[in-house]
Amino acid sequence: MRRPLILAPSSDPHACALAWAIRQQGVEPFWTPSLRAQRGVHYSVRTGGEGTSFSDSLLAGDGISAVWNRRMQDPVPDCADEDRNFATWEWKLFQRNVFSLESAYGDALWVNGLAASQRAELKLVQLDTCRRLGIPFPETLVTTDATEVAAFIRRWGRVVFKSFLVHQWEERISGRMHAVGVSLLDGDSELPAEAIAVCPGIYQRYIEKRHDVRVTVIGDHLFAVSLGKGADGAYVDWRGQSKDPAFRAEAILLPSSVKEKLRVLMRELGLVFGCIDLAVDRQGNFHFLEVNQAGQFLFVEDMVPEHPVLGSMTALLLSGRSDAPIGELKPVSMKAFWQSDAYAALRDRVETRPPERHLFTLE
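Calculation notes
Starting from 1, residues in each chain are numbered consecutively following that chain's sequence as written. Confidence filtering applies because this is a predicted model: local features only for residues at pLDDT of at least 70, side-chain atom pairs given and counted only at 80 or more, and all residues used for totals across whole chains, interfaces and linings. Think of the side-chain values as coming from all heavy atoms in the structure, minus any hydrogens and water. Only buried Ala, Val, Leu, Ile, Met, Phe, Trp, Tyr and Cys residues count toward a nonpolar core, and they belong to the same one when joined by side-chain atoms within 4.5 Å. Each residue's exposure class comes from its accessible area (1.4 Å probe, protein chains only) as a fraction of the maximum for that residue type: buried when under 20%, exposed when over 50%, partly exposed otherwise. Each helix corresponds to a stretch of at least 4 residues labelled H or I by DSSP, and each strand to a stretch of at least 2 residues labelled E; elements are numbered beginning at the N terminus. By definition in these notes, contact holds between two residues if any of their heavy atoms fall within 4.5 Å. Strand pairing requires that DSSP identify at least two bridges connecting the strands. Stacked, tilted and edge-to-face pairs are distinguished by plane angle, under 30 degrees for stacked and over 60 for edge-to-face with tilted covering the rest, among Phe, Tyr and Trp rings (Trp via its six-membered ring) whose centres lie within 6.5 Å. Each axis is a line fitted through C-alpha atoms, and for a helix only the stretch in contact is used; angles between axes span 0 to 180 degrees, taken between their N-to-C directions. Geometric relationships in this document are graded by angle, where less than 35 degrees denotes roughly parallel, more than 145 denotes roughly antiparallel, 65 to 115 denotes roughly perpendicular, and other angles denote oblique. Helix crossings get a hand from a simple test, with the near helix turned counterclockwise from the far one by less than a right angle marking a left-handed crossing and a clockwise turn marking a right-handed one. The nonpolar class holds Ala, Val, Leu, Ile, Met, Phe, Trp, Tyr, Cys and Pro. Asp, Glu, Lys and Arg form the charged class, and all remaining residues, Gly among them, are polar. Any Lys or Arg side-chain nitrogen found within 4 Å of a carboxyl oxygen on Asp or Glu counts as a salt bridge. The patch calculation keeps residues exceeding 30% relative accessible area without a salt bridge and links them within 9 Å when they carry like charges or within 5 Å when they are nonpolar (Val, Leu, Ile, Met, Phe, Trp, Tyr). Computed with a 1.4 Å probe, the accessible areas rest on the Shrake-Rupley method; for each residue, only the protein chains presented here act as cover.

### What to know about the nonpolar core
Logical step 1: Core analysis: the biggest nonpolar cluster contains 42 residues, and V111, F297, L310 and M313 have the highest contact counts within it.
Logical step 2: With eight residues, the single largest contributor to this core is helix α1 (residues 13–23).
Logical step 3: When residues no more than four places from it in sequence are discounted, the contact partners of V111 are V67, W68, N69, V272, F273, M313, L316 and L317.
Logical step 4: Residues L127, V258, L271 and V280 belong to the second largest nonpolar core, which totals 22 residues.

### Looking at the pairing of strand β5 (residues 63–68)
Looking down a regular strand, the side chains alternate between one sheet face and the other.
Logical step 1: Buried residues dominate β5, accounting for five of its six residues.
Logical step 2: Strand direction decides the pairing type here: strand β1 (residues 2–7) and β5, joined by four bridges, are parallel. Bridge pairing links R3 to I64 in β5.
Logical step 3: Judged from the three bridges that link them, β5 and strand β6 (residues 109–111) form a sheet pairing that is parallel. Among the inter-strand pairings, A66 is bridged to a residue of β6, identified as L109.

### Here's the deal with the packing of aromatic side chains
Logical step 1: If you walk through the whole model with that rule in mind, you get 13 aromatic pairs.
Logical step 2: Ring geometry for F54 against Y105: centres 5.4 Å apart, planes inclined by 80°, an arrangement best described as edge-to-face. Of the two residues, F54 is situated in strand β4 (residues 51–56) and Y105 in the loop between α2 (84–99) and β6; the sequence distance between them amounts to 51 residues. Just as F54 is buried, Y105 falls in that class too.
Logical step 3: Grouping aromatic residues by their ring pairs yields a cluster made of Y43, F54, W91, F94, F99, Y105 and W110.

### Quick look at the sheet that holds strand β17 (residues 286–292)
Logical step 1: Strand order in the open sheet formed by five strands is β15-β14-β13-β16-β17, with antiparallel pairing between adjacent strands. Single-partner strands in this sheet number two, and they are β15 (248–252) and β17. When strand polarity is set aside, the average angle formed by the axes of neighbouring strands in this sheet is 25°.
Logical step 2: The strands touched by helix α9 (residues 309–319) are β13 (209–218), β14 (221–228) and β16 (273–281); relative to β13, the strand with the most contacts, the crossing angle is about 30°.

### As for the packing of α1 against α9
Logical step 1: Viewed as axis vectors pointing N to C, α1 and α9 meet at an angle of 70°, and their least axial separation amounts to 10 Å. Classed by the angle they form, the pair α1 and α9 counts as roughly perpendicular. For the pair α1 and α9, the crossing hand works out as right-handed. Every residue of α9 that contacts α1 at A17, L18, W20, A21 and I22 is listed here: L310, M313, T314, L317 and L318.
Logical step 2: Among the residues making up the contact of α1 with α9, the classes are represented as nine nonpolar, one polar and no charged.

### Focus on the pattern of salt bridges
Logical step 1: Under the definition given, this model contains 16 salt bridges.
Logical step 2: Between D128 and R131 there is a salt bridge whose closest N-O contact spans 2.8 Å. In this pair, D128 and R131 both sit in helix α4 (residues 123–133), three residues apart, roughly one turn of the helix.
Logical step 3: Of the residues examined, R131 reaches a relative accessible area of 52% and is grouped as exposed.
Logical step 4: We note a salt bridge from R132 to E268, for which the minimum N-O separation is 3.3 Å. Taken together, the residues span a long stretch of sequence, with R132 in helix α4 and E268 in helix α7 (residues 256–269) at a distance of 136 residues.

### Comments concerning a nonpolar patch on the surface
Logical step 1: A contiguous nonpolar surface patch, about 310 Å² in accessible area, is contributed by L124, F164 and L165.
Logical step 2: Position of F164 among the secondary structure elements: in the loop between β8 (159–162) and β9 (168–170).
Logical step 3: Its relative accessible area of 40% is what places F164 among the partly exposed residues.

Here's what the structure looks like:
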């Protein structure tokens, strides 16, 4: 029997939804946040002239169709406190070694491979890859120098500021959540040199947008959605705007030339799955913004039910094929998942989560 391996904590909503969908097909996924560093569980790697092999005592002879590197965590060793620091690092490095061997689970499809996923997280690598492939993107500056930022704004008029990391924090007294988000800068914006010098920031030429596009890539399948205010235009950042009465999400067909460029980009980055953000300017030209190799994607089906992203990901993980069709699956949908016992159990597991921290977010 072959079944998918899901690397994610039990509190991850996307992993929960996929585990539910896979079980609807009569298959029990192997779901764990990491290698299990506990007594009675054993892992072995043998390598030599005849090749390299890996054995996992928990699999009991079952094969793995696909490895979904959703939210892999470090193993937590079962050991004495005085040994914990050493054992933790040994397990962490062992796991990194094992999961860097994409042959560790035979011919399983990695979604995504560890080395490729780590490299694809680097925004400058993404942009430089697009430059080499001839994929348009906004001119970009990364700096700690306020004079460079000021010159960049003078050149382009309006500039978008982004951080490398999505950073959130909570007020101790009120419990309110705050986040470093996308900001629009122009000639009237204050540019405090000391604040800008604290850490590097990403500054990009602002695109006068017709709308944004989110493309969810699941193997060979691309699901594109336009996001914006309908005829009224686009948001500076569409995330966080889904409650706006003017917000519109619509399924669209990408031009064949754009689809082919995105497929080439995914191959170049070594990714099987990814969430690509594009901006469409007033002339209808597409501009690459970023790809999140472990992004949120199930909200797409909520907004646009005709895009079966849950079923597509289920088929990919069950078959271990990037061209996996969903026609042979028993029907699954986000609507059905919301009504399932699996979702109710997920809510119970994370019931201490403040209301501002939604289970499914738009990232």
